[in-house]
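Residue strings, one per chain:
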Amino acid sequence: MAQPEYLRIAADLRRRISPGGEFGPGDQIPTIPELCAEYGVSEAPVRNALRLLASEGLTESRARAGTRVRSRPAIHRMAADRYRSVPGAKSTPYTKDQGIGWTEYRLDKRFERVQADTELAALFECEVGEQLLARHFVFHDNDQPTQMSTSYVRWSDVAGTPVADPINEPWPGGTRAQMASLGIRVTAITESFTAAMPTELEAATLRLGSGVPVLRYTRKHIADTGRIVEVAHPIVRRGDTTIVDFRIELDD
């Protein structure tokens, strides 16, 4: 059975915009009439091929600007040891992920007091209705937003402390250092990951082009008593340029 024309065209364009190909990031590819003439087809298969490439996150189209090869942001690796910090150092797990200094880091934040719903109560292993502080963050590498999250802490732990005041964010050392300032010793952190297409809010906040997936993960900070003291749910990063690294030590 013959391959549909649009798949043939998409495959050839995919080859031409691959690394080292004819078109690089930001380059404009030929117009629809030019592609029709080049491939000897009508507009329909060309348009379908371009839609397919856009859905894969390879191209982006703008009104009166044509179709361009989507820029490829730098790849960021997230290693499990990013939560280890040097006391007093102006860094957080985020700045370690991005490889940036404190002056290059900007954090948008909004705090509100909420009650644990069924989902949050299950994550915290607490009663439904427990008072929590929700901290909504958008993380910027210089002027580029690259991560967003909502981090919840127990109101009974932070009420009346500097941790509850957004003016103190960003906090050197991140959540683990915040808990230490409250006399809470965090000895374990868990993370679970999923991947999906972004919501409208996520795409707009992180300035994602069409076809770009996101990586969502839920993180818990657990105290030495076994009590869960923080839940970030979800943390969202663009999925096409984020690599999560794990190192597993094995006994002989």
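Structural data are supplied above this passage.
It should be emphasised that the depicted structure is a prediction, and the values quoted were computed from it without experimental measurement.

Q: Help me understand a nonpolar patch on the surface, please; the structure alone is not making it clear to me.
A: Taken together, Phe246, Ile248 and Leu250 make up a surface patch of nonpolar side chains, about 410 Å² in accessible area. With respect to the element layout, Phe246 can be found in the segment after strand 10 (242-245).

Q: What should I look at first to understand the side chain of Arg16 in this one?
A: Along the chain, Arg16 falls in helix 1 (residues 5-16). At 2.8 Å, the side chain of Arg16 forms a polar contact with the side chain of Glu38. One polar contact links Arg16 to Tyr39, side chain to side chain, over a distance of 3.0 Å. Not counting residues up to four positions away in its chain, the partners in contact with Arg16 are Gly21, Glu22, Phe23, Pro30, Glu38 and Tyr39.

Q: Looking at this structure, I do not really get the packing of helix 1 against helix 2 (residues 32-39). What am I missing?
A: A pair of packed helices is characterised by two quantities: the angle between their axes and the separation of those axes. Where helix 1 meets helix 2, the axes come as close as 12 Å, and the angle between the chain directions of the two elements is 110°. Considering their axes alone, helix 1 and helix 2 lie roughly perpendicular with respect to each other. Where helix 1 abuts helix 2, its residues Arg8, Ile9, Asp12, Leu13 and Arg16 lie against Leu35, Glu38 and Tyr39. When grouped by side-chain class, the residues that make up the contact of helix 1 with helix 2 number 4 nonpolar, no polar and 4 charged.

Q: Is there a simple way to explain the sheet that holds strand 4 (residues 105-115) in this structure?
A: Strand pairing in a sheet relies on backbone hydrogen bonds. The paired strands run either parallel or antiparallel. An order of 4-5-6-9-8-7 is seen for the 6 strands of this open sheet, with the pairing classed as antiparallel. Edge positions in the open sheet fall to strand 4 and strand 7 (186-196), since each of these has one partner strand only. The average undirected angle you get between the axes of adjacent strands in this sheet is 15°. Docked against the sheet, helix 7 (residues 174-181) engages strand 5 (131-141), strand 6 (144-154), strand 7, strand 8 (214-223) and strand 9 (228-238), running at close to 20° with respect to strand 8.

Q: Please clarify how the side chain of Thr95 should be interpreted in this entry.
A: You can see Thr95 is positioned in helix 4 (residues 93-98). Among the polar contacts listed, one links the side chain of Thr95 to the backbone nitrogen of Thr92, at a separation of 2.9 Å. Ignoring sequence-local partners within four residues, the contact set of Thr95 consists of Ile100, Trp102 and Tyr105.

Reading the values: rules and limits
- Throughout this description, residue numbers start from 1 for each chain and increase along the sequence as written.
- Where totals are concerned, whole chains, interfaces and linings use all residues; where local detail is concerned, this predicted model gives features only for residues with pLDDT of at least 70, and gives and counts side-chain atom pairs only at 80 or more.
- Excluding hydrogens and water, the side-chain values take into account all heavy atoms of the structure.
- Patch criteria: residues need more than 30% relative accessible area and no salt bridge. Like-charged residues are merged within 9 Å; nonpolar side chains of Val, Leu, Ile, Met, Phe, Trp and Tyr are merged within 5 Å.
- Values of accessible area rely on a 1.4 Å probe in the Shrake-Rupley scheme; residue burial ignores everything except the protein chains shown.
- Salt bridge criterion: a side-chain nitrogen from Lys or Arg within 4 Å of a carboxyl oxygen from Asp or Glu.
- Numbering of helices and strands runs from the N terminus; a helix is a DSSP stretch of H or I covering at least four residues, while a strand is a stretch of E covering at least two.
- N or O atoms closer than or at 3.5 Å make up a polar contact, with two conditions inside protein: a donor-capable atom paired with an acceptor-capable one, and, for residues adjacent in sequence, both atoms drawn from side chains.
- Should any heavy atoms of two residues lie within 4.5 Å, those residues are considered in contact.
- Between the N-to-C directions of two axes lies an angle of 0 to 180 degrees, each axis being a line fitted to C-alpha atoms and, for a helix, fitted only over the stretch in contact.
- Roughly parallel means an angle under 35 degrees; roughly antiparallel means over 145; roughly perpendicular covers 65 to 115; every other angle is labelled oblique.
- Residues are grouped as follows: Ala, Val, Leu, Ile, Met, Phe, Trp, Tyr, Cys and Pro are nonpolar; Asp, Glu, Lys and Arg are charged; every other residue, Gly included, is polar.
- Whether two strands pair depends on DSSP finding at least two bridges between them.

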